[in-house]
Every structure is written in structure tokens, then in C-alpha cells.
Amino acid sequence: MFEKLKSTFKGFMRQLTQKEITEESLSKILWDLELNLVTNDVASQVAREISLILKEKLVGKMVRRLTDYRKIALDTLRKVIINILKYEDQTSLEKEILQRKEQNITNIAESKSWYPYIILFLGPNGSGKTTTIAKLAWKFKKKGISSVLVASDTFRAGAIEQLKKHAERVGASFISRPYGSDPASVAYDAINHAKARRKDLVLIDTAGRLGTNVDLMEEMKKINRVSKPDKRILVVDALSGNDLVVQATEFKNAVGIDGNILTKVDADVKGGAAITLAYITKAPILYVGTGQNYDDLTPFDPKWFINNILP
Ligand SMILES: Nc1nc2c(ncn2[C@@H]2O[C@H](COP(=O)(O)OP(=O)(O)OP(=O)(O)O)[C@@H](O)[C@H]2O)c(=O)[nH]1
Ligand SMILES: [Mg+2]
């Protein structure tokens, strides 16, 4: 995982410590760093920002010893990357869901309504939305939280059966309508079902789409309006390379994003996708997908990530 980003930073630190640094040689070193970051999926605007901040910190400082350079560079990198990755407490989703359940139990005791926690999943084709929903239902089931899996992908052949199978395997409820049904009304029905049956969590699966498909983006806005989710989670594939910036921007602008899940990091040797995703969406990465099994979903810890990529 992330080997290339790791070796990029390692190489950068080596260059810094082996040379007599002048302003000119520093520019060259930072330019190399910027290029290597971009090659490893860090969006160009982020790579630029990192390089500019490093330059500002290193130039003009009367740094006499190379070890000071090294320390300043590492501290700066750590700070810049943490700032990009950390928007809020990364464990807030789980807390909110557990708190909602507590609140609902109180509500019922006081003859008030039950309000399930609703999550809408969005993302491009094949990014891992459906699998991630099953993983989350499984994770929360183990914590005593019941889920309803909602087949609001009424578009792709096989999508409904795929989600149904997952629901059976992870022991979750399942709501669907025939193919071609309005995805927003499937979501609406599922939420009513969850209210009536006192289910804790409603996980709405949607068809993969791209921003260029105006009709499908309008449909997504409608699902969002009708379901009024507590969280809109963008699911993207760590291997999507340059497409990531465009995809994340389009979903953010059209619907809004409250959190991200980055999948397939088990197969990601580059590592820059997490930085790019958080930078573009300005929303936290909540989990990363680390494989195809139900247990392969790990809470994302910015400190763990940084310790993994910095020397
Ligand atoms: N290695 C690996 N594979 C994953 C991960 N998450 C999902 N996959 C695989 O990616 C493929 C696509 O996953 P789906 O969950 O069907 O993706 P989707 O976003 O629902 O796809 P559409 O509904 O067609 O848009 C499947 O083969 C999954 O097993 C992950 O974290 N790691
Ligand atoms: Mg799917």
C-alpha cells in the first residue's frame, strides 16, 4: 500500500540532506517533489500548495545545519497533510449512529417517532458502493445496529439481486421495487419501512454515474431531496487516478458530500488518492476499503496514513 508516495517523500528527504542547499537547488528539489506527487495521484493544485509552503518555510530561514532543514521539511509536510485530511473527528459517523439509536429508544418511551439514520451513497460506476454498503451493514450489525439495504439502483441489470444477496448474507433488511422504478420513491418507501419497523440505519444504494450524465445527476439530486440523508457519502476507487478530481468535484457541486469512503486501497501502490479526495471534497475520509470481504473496511486514521507515507 502507498509504496510510491512513501518512496517519493523518502527521495525528497534524501535530496535535502545530501546537498548543500541553495535557493536554486531547493527549487529544483521542490519541482521534482511536485512532479512525483502528481505522478502518484496527488492533484496538481495540492502538489503545488505543498511545494509552495515548503519553499516558504525553507527559504529565507537562516538554517545552518542540514538536519534542521530535514526537521523543518518533515514538520511542514506533516502539518500540511494533516490539515488536508482532518476536517473533523473521523469516528463521528459511528458516534452519531449510536447516539441516534439512544435517542430513538428515548423517543419511543415517550411515545414519539423513530428516526432511522439515513446514509445516501453516491459515486461513479464500479467504485465499490454496493460492496461498501454490505460491509457497513455488517460492521454495524456487530455493534447492535440494524440496517435496511435499499435498492435505489433500479438501473443496472443485476444490481437489485446483487444487493439482495448481500442483505441476506449480512443479515440486513432489504427493500426494492422492480427495475425502472423511481429510485427516489424506493428510498422513500424504505425510510417509512425503517420508521415502522424501528430499524436503526437506512443505507441507500444508487446506480453508478458520471457528472456528464445530466439526467442521472438530476435523478441523484431528487433522491437526495426526497430521502433527506443524515450523510451523503461519496465512494471512490483509489485506483481512479486523474479521474478522481473531476468525479469528486462533480458530485460535490451537484449533490454535496459529507464524507468519503476510499475503496481498493489494498491494490493502491501510489497513495495520493486520499490526499486528493479530502482536498477536493473538503470532507473527511471515514473508511477505506481494503479488500473484497465484509471485514475489509477500516476506519481511516490520518495519523496512521501520514506515518505510513512519511519517512
Ligand atoms: N480489492 C478490493 N475490491 C473491492 C473493494 N471494494 C469493492 N471492491 C470490488 O469492486 C467491484 C465493484 O464493486 P461494487 O460494489 O459492485 O461497485 P459499485 O460501485 O456498486 O458498482 P456499480 O453499481 O456498477 O456502479 C467488486 O468486484 C468488488 O468486490 C476494495 O476495497 N478492495
Ligand atoms: Mg452497485
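Residues numbered from 1 in each chain as written. Chains lettered and ligands numbered in written order. Predicted model: local features only at pLDDT ≥ 70, side-chain atom pairs only at ≥ 80, totals over all residues. Heavy atoms only, no water.

Residue serine 111 is not a glycine yet carries a positive backbone phi of 60°. One non-glycine residue, lysine 264, adopts positive backbone phi at about 60°. Here lysine 264 lies in the loop between β6 (259-263) and α11 (273-281). Classification of lysine 264 by relative accessible area gives partly exposed; the value is 30%. (Helix = DSSP H or I, 4+ residues; strand = E, 2+ residues; numbered from the N terminus. Buried < 20%, exposed > 50% of the residue type's maximum accessible area, 1.4 Å probe, protein only.)

In the structure shown here, the tally under the stated rule is three aromatic pairs. Consider the rings of phenylalanine 2 and tryptophan 304, whose centres lie 6.0 Å apart with planes at 70°: the pair is edge-to-face. Of the two residues, phenylalanine 2 sits in the segment before α1 (3-18) while tryptophan 304 sits in helix α12 (residues 302-309), which places them 302 residues apart along the sequence. Here tryptophan 304 falls in the partly exposed class, since its relative accessible area comes to 36%. Geometrically, the ring pair formed by phenylalanine 2 and phenylalanine 305 is edge-to-face, given 5.2 Å between the ring centres and 70° between the ring planes. Separated by 303 residues along the polypeptide, phenylalanine 2 in the segment before α1 and phenylalanine 305 in helix α12 bring together distant segments of the chain. Considered together, phenylalanine 2 and phenylalanine 305 belong to a single accessibility category, that of buried residues. Each residue in the set Phe2, Phe300, Trp304 and Phe305 is aromatic and connected to the rest through ring pairs, giving one cluster. (Phe/Tyr/Trp six-rings, centres within 6.5 Å; stacked < 30°, edge-to-face > 60°.)

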